[in-house]
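# Reading the structure
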Amino acid sequence: MDSGLLSGMTDIHCHILPAVDDGVKNFNEAIQSLVWMKKNGVRRLFLTPHVMSDMSSNTKAFLTAQFAKFLLDIRINRVGDIPEMKIGAEYMLDPEFQNRKKEGLLTYADRRVLVETSYMLPPVGFNRILEELLEEGYSPVLAHPERYNYMQMGDYGYLKEQGILFQLNILSLTGAYGRTAGEKADLLLKEDFYNYAGTDFHHLVRHEKSFHAKTLSKNQRIAVKELIVNNDGLW
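The present account deals with the structure reproduced in this document.

## So, the overall build of the protein chain
When helices and strands are tallied, the protein chain shows eight helices and nine strands. Against the 2.2 N^0.38 benchmark of 18 Å for 235 residues, the protein chain shows a C-alpha radius of gyration of 17 Å, consistent with a compact globule. When its C-alpha atoms are laid out on the principal axes, the protein chain stretches across 50 × 45 × 30 Å. In the protein chain, of all internal contacts separated by at least 6 residues, the share reaching a separation of at least 24 is 80%. Of note, the protein chain has its 27 positive side-chain charges centred 5 Å away from the centre of its 30 negative side-chain charges.

Here is the structure:
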């Protein structure tokens, strides 16, 4: 991928908080990942671990405590030259989500909240769940909409009309998630559907390989850079 694309980036979607989900598994792996991110230009990032029924321990209190412990371990080990961090979350819109709302959601600025669904099927009452978030003063940011197999352009258009914000996985444009996701990402980018862009970083080896798999076109690069600028407003 183009050198310098991530320069100065505030990454709003990554799984680098160690040992809480399917992202990095331990402190050393997390530090290696953060060093790589900084080397490639990322200056700030939100750690956004998965919150879903399959990971019932990932409550707001638990993730906040794990983040505080991670920062303490970084200071104790005198780790430097890594991006600045804040804690967030990526919420699966499943039956457990209502309980997570009751305890309070981990959000970006202006009560923007990162949400996702299954790739194959929408949750029961999907549109109503989003409507309730809007009514409660949240602004849902739908993670990687290009990866949802059940969505077509009419679905994306309806969600945008309702005020739902879209976050591109940059690596979708490289084919890292398959041809269909790549084609959808390119189309949604051309049609100006996206509001933000993120790496959705999980593991260094896979991410580094995918990051260098394909060079973006000039138009893609320009559009992604504009989205990365928008990310700063979430900090």
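## A look at the layout of surface pockets
In this structure, the largest pocket spans a volume of roughly 270 Å³. Elements supplying a minimum of two residues to the lining of the largest pocket: strand S5 (90–92) and helix H7 (204–211). Partitioned by chemical class, the residues of the lining of the largest pocket number five nonpolar, seven polar and six charged.

## Digging into the sheet that holds strand S2 (residues 42–47)
Taken in spatial order, the three strands line up as S1-S2-S4 in an open sheet, and their pairing is parallel. Taken across any chain shown, the strands that pair with only one partner, and hence form the sheet edges, are strand S1 (9–11) and strand S4 (84–87). Ignoring which end each strand starts from, the neighbouring axes of this sheet average 15° apart. Two strands pair when backbone bridges link them, and S2 and S4 are joined in this way by four bridges, in the parallel orientation.

## Details of empty space enclosed by the protein
Under the defined criterion, the tally for this structure stands at one cavity of 30 Å³ or more. The calculated volume of the largest cavity comes to roughly 40 Å³. Together, Asn-127, Leu-130, Glu-131, Leu-134, Tyr-158, Leu-159, Gln-162 and Ile-164 line the largest cavity. Those elements giving two or more residues to the lining of the largest cavity turn out to be helix H4 (126–135) and helix H5 (153–161). Considering every element that reaches the lining of the largest cavity, the biggest residue donor is H4, with four residues. Tallied by class, the residues present in the lining of the largest cavity amount to five nonpolar, two polar and one charged.

## Thoughts on the environment of Leu-5
Within the secondary structure layout, Leu-5 lies in the segment before S1. The spacing of Leu-5 and Leu-93 is 88 residues in sequence and 31 Å in space, taken between C-alpha atoms. Residues in contact with Leu-5, not counting those within four places in the same chain, are Ile-170, Leu-216, Arg-221, Val-224, Lys-225 and Ile-228.

## Structural notes on unusual backbone geometry
Even without being a glycine, Arg-78 presents a positive backbone phi close to 55°. Along the chain, Arg-78 falls in the loop between helix H2 (60–76) and S4. What makes Arg-78 exposed here is its relative accessible area of 78%. Despite not being glycine, Asp-81 has its phi angle at roughly 60°, a positive value. By secondary structure assignment, the location of Asp-81 is in the loop between H2 and S4. In this structure Asp-81 comes out as exposed when scored by relative accessible area, which is 59%.

## Considering the nonpolar core
Among the nonpolar cores identified, the biggest contains 65 residues, and Ile-16, Leu-47, Phe-70, Met-85, Tyr-91, Leu-168 and Val-224 are the most heavily contacted of them. When residues of this core are assigned to their parent elements, the largest contribution, five residues, is made by helix H1 (residues 27–39). Apart from the residues lying within four places of it in its own chain, the contact partners of Phe-70 are Ile-16, Leu-17, Pro-18, Phe-27, Ala-30, Ile-31, Leu-34, Leu-47 and Met-85. Counting 10 residues, the second largest nonpolar core, distinct from the first, contains Tyr-108, Ala-143, Tyr-196 and Trp-235.

## Looking at the packing of aromatic side chains
What describes a pair of aromatic rings is the distance from one ring centre to the other and the angle between the planes of the rings. Under the definition given, this model contains nine aromatic pairs. Taking 5.9 Å as the distance between ring centres and 65° as the angle between the ring planes, the aromatic pair formed by Tyr-91 and Phe-97 counts as edge-to-face. We note that Tyr-91, like Phe-97, is buried. Of the aromatic side chains, those joined through ring pairs into one cluster are Phe-46, Tyr-108 and Trp-235. A cation over an aromatic ring shows up here: Lys-160 above the ring of Phe-166, its NZ or CZ 4.9 Å from the ring centre.

The rules behind each value
- Residues numbered from 1 in each chain as written.
- Predicted model: local features only at pLDDT ≥ 70, side-chain atom pairs only at ≥ 80, totals over all residues.
- Heavy atoms only, no water.
- Helix = DSSP H or I, 4+ residues; strand = E, 2+ residues; numbered from the N terminus.
- Rg over C-alpha atoms; globule rule 2.2 N^0.38 Å.
- Contact = heavy atoms within 4.5 Å.
- Lys, Arg positive; Asp, Glu negative; His and termini not counted.
- Charge placed at Lys NZ, Arg CZ, Asp CG, Glu CD.
- 1 Å grid on protein atoms, 1.4 Å probe; cavity = no way out; pocket = protein on both sides within 12 Å on 5 of 7 lines; lining within 4 Å.
- Points joined across faces, edges and corners; volume = space filled by probe spheres on them.
- Nonpolar A, V, L, I, M, F, W, Y, C, P; charged D, E, K, R; others polar.
- Pairing = 2+ DSSP bridges.
- Axes fitted to C-alpha atoms, helices over the stretch in contact; angles between N-to-C directions.
- Buried < 20%, exposed > 50% of the residue type's maximum accessible area, 1.4 Å probe, protein only.
- Core = buried A, V, L, I, M, F, W, Y, C linked by side-chain atoms within 4.5 Å.
- Phe/Tyr/Trp six-rings, centres within 6.5 Å; stacked < 30°, edge-to-face > 60°.
- Lys NZ or Arg CZ within 6 Å of the ring centre and 35° of its normal.

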